[in-house]
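# Commentary on secondary and tertiary structure
Residue-level listing of the chains:
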Amino acid sequence: MERTLTYTTDHFISPLPVSHFLKQKGFSSQNLVQLKKDPTAVQANGIPCFMNHILQPGDTLTLHIHEEHSSEKIPPVELPLDIIYEDEDLMVINKPAGMPIHPSMNNYYNSLANSLAYYFAQQNCPFVFRCINRLDRDTSGLTIVAKHYVSAGMLSIMIANKASSGITREYLAIVKGSVLPSGGTITAPLGRKEGSIIERCVDFEKGESAVTHYRVLDEKNGHSLVSLILETGRTHQIRIHMKYLGYPLIGDYLYNPDMALIQRQALHAWKLSFVHPITGEKMQFTAPLPEDMAKVAGDTPWSIS
């Protein structure tokens, strides 16, 4: 993977080290460590330099990002791949339900990582799989994949500091009945369920802080379509928070195995908004409700607004 980034320092700034300048641009400490490994990666006015080099007003700083190796333990497999957006720094993928993000012992050849490994192998392009916002296997919808270590580092910082940096993930879920109140915020810490390595539960003593904002969008066929925005990103957060509210997601084999109308948890990451880590552009993407969730409404389509 090859990427060149060029910055010109403002004529009004005071002289400062390269490392300080890059930190101001959103580079992580790990990004700086990785850039140091290549003696030609960082150049000031066309001349290789170190991180402590002092940039002067009007200098041009060039970064050469070079990765030769691919993720070794991810075999490339030709699988359906719904690319919503792609540029030199990142991709936005609409992941189908039933596809894990990473290979595992029981899903070694059918993950999103396998699909992307094949996609880049067809281009003879090395690729290290770096998924930024991971989705459960049976949750469908939008996920961000970084294409090199700099964008990965920046996006990881952004997703860890949502309140200040602006990555917003909005989900659609379906529950049985009428949700009351029809909107609000669920604040309940989450932890591992005793005796299980998979399940989580609300745990006010040992759990990690978890906050979910929700609102009902529509009611059809005895079910409610709910919009949910995550303020934190805990494992199974939406699934447990809605159960805690008294309205578990239908089709959820772990927390509410109501499979009458759908065979997987009715959860879809439908909207993703963030600031592009390199260009600073405001980005927003949506993925339509999958067919299995749309069918729960019956004869009249869901109203999403």
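Residues numbered from 1 in each chain as written. Predicted model: local features only at pLDDT ≥ 70, side-chain atom pairs only at ≥ 80, totals over all residues. Heavy atoms only, no water.

### Describing the overall build of the protein chain
Along the backbone of the protein chain there are 7 helices and 18 strands. Principal-axis analysis of the C-alpha atoms places the extent of the protein chain at approximately 65 × 40 × 40 Å. Relative to its full complement of 305 residues, the protein chain shows a buried share of 50%. Of all intrachain contacts in the protein chain linking residues separated by at least 6 positions in sequence, the fraction that spans at least 24 positions is 66%. Total accessible area on the protein chain is roughly 15100 Å²; 51% of this is exposed by carbon and sulfur atoms. (Helix = DSSP H or I, 4+ residues; strand = E, 2+ residues; numbered from the N terminus. Buried < 20%, exposed > 50% of the residue type's maximum accessible area, 1.4 Å probe, protein only. Contact = heavy atoms within 4.5 Å. Areas by Shrake-Rupley, 256 points an atom, 1.4 Å probe, with all protein chains shown as cover.)

### Concerning the packing of aromatic side chains
Following the criterion strictly, the structure yields 8 aromatic pairs and no others. Aromatic side chains Tyr 7 and Phe 27 sit 6.3 Å apart centroid to centroid with 70° between the ring planes, which places their arrangement in the edge-to-face category. Residue Tyr 7 is located in strand 1 (residues 2-8), and its partner Phe 27 is located in the loop between helix 1 (18-24) and helix 2 (29-36); the two are separated by 20 residues in the primary sequence. Assessed through its relative accessible area of 11%, Tyr 7 is described here as buried. (Phe/Tyr/Trp six-rings, centres within 6.5 Å; stacked < 30°, edge-to-face > 60°.)

### Brief notes about the sheet that holds strand 6 (residues 60-66)
Two modes of strand pairing occur in sheets, parallel and antiparallel, and in both the strands are linked by backbone hydrogen bonds. Judged by pairing direction, the sheet is antiparallel, and its 4 strands sit side by side in the order 1-6-3-4 without closing on themselves. Here the strands that pair on one side only, and so sit at the sheet edges, are strand 1 and strand 4 (47-48). (Pairing = 2+ DSSP bridges.)

### Thoughts on the packing of helix 2 against helix 4 (residues 149-160)
The geometry of helix 2 relative to helix 4 is characterised by a closest axis approach of 9 Å and an angle of 165° between their N-to-C directions. Regarding the angle of helix 2 to helix 4, the classification is roughly antiparallel. The way helix 2 lies across helix 4 gives a crossing that is right-handed. Residue-level contacts link Asn 31, Gln 34 and Leu 35 of helix 2 to Tyr 149, Val 150, Gly 153 and Met 154 of helix 4. Grouping the amino acids of the contact of helix 2 with helix 4 by side-chain chemistry returns 4 nonpolar, 3 polar and no charged. (Axes fitted to C-alpha atoms, helices over the stretch in contact; angles between N-to-C directions. Parallel < 35°, antiparallel > 145°, perpendicular 65-115°, else oblique. Left-handed = near helix turned anticlockwise from the far one by under 90°. Nonpolar A, V, L, I, M, F, W, Y, C, P; charged D, E, K, R; others polar.)

### Some details on the environment of Ser 115
Its place among the elements puts Ser 115 in helix 3 (residues 112-121). Sequence spacing of Ser 115 and Leu 81 is 34 residues, and the spatial spacing of their C-alpha atoms is 6.6 Å. Residues contacting Ser 115, with those up to four places away along its chain left out, are Val 77, Leu 79, Pro 80 and Leu 81.

### Thoughts on unusual backbone geometry
Here the bond from Leu 180 into Pro 181 is cis, since omega is -10°, no more than 30 degrees from zero. Considering the arrangement of structural elements, one finds Pro 181 in the loop between strand 11 (168-176) and strand 12 (183-187). Even without being a glycine, Asn 45 presents a positive backbone phi close to 55°. You can see Asn 45 is positioned in the loop between strand 3 (42-44) and strand 4. Phi is positive for His 236, which is not a glycine, with a value near 60°.

### A word on the pairing of strand 16 (residues 223-230)
Judged by how many residues are buried, strand 16 sits mostly within the fold: 7 of 8 residues are covered. The pairing of strand 15 (residues 211-220) with strand 16 spans 8 bridges and is antiparallel. Along strand 16, the bridge assignment pairs Thr 212 with Leu 230. In sequence, strand 15 turns back onto strand 16 through a hairpin of 2 residues, with Asn 221 there showing a positive phi of about 55°.

### Comments concerning the nonpolar core
By size, the foremost hydrophobic cluster in this structure holds 22 residues, and its most contacted members are Leu 22, Phe 27, Leu 35, Val 42 and Leu 63. For this core, the secondary structure elements donating two or more residues are strand 1, helix 1, helix 2, strand 3, strand 6 and helix 4. Apart from residues lying up to four places away in sequence, Leu 63 is in contact with Arg 3, Thr 4, Leu 5, Tyr 7, Leu 22, Phe 27, Leu 35, Ala 41 and Val 42. (Core = buried A, V, L, I, M, F, W, Y, C linked by side-chain atoms within 4.5 Å.)

### Considerations on helix 2
All buried positions along helix 2 are accounted for by Asn 31, Leu 32 and Leu 35. One side of helix 2 carries all its buried residues, which in axial view fall inside an arc of 100°. On its buried face, helix 2 is in contact with helix 1, strand 3, strand 6 and helix 4. (Arc of directions from axis to C-beta.)

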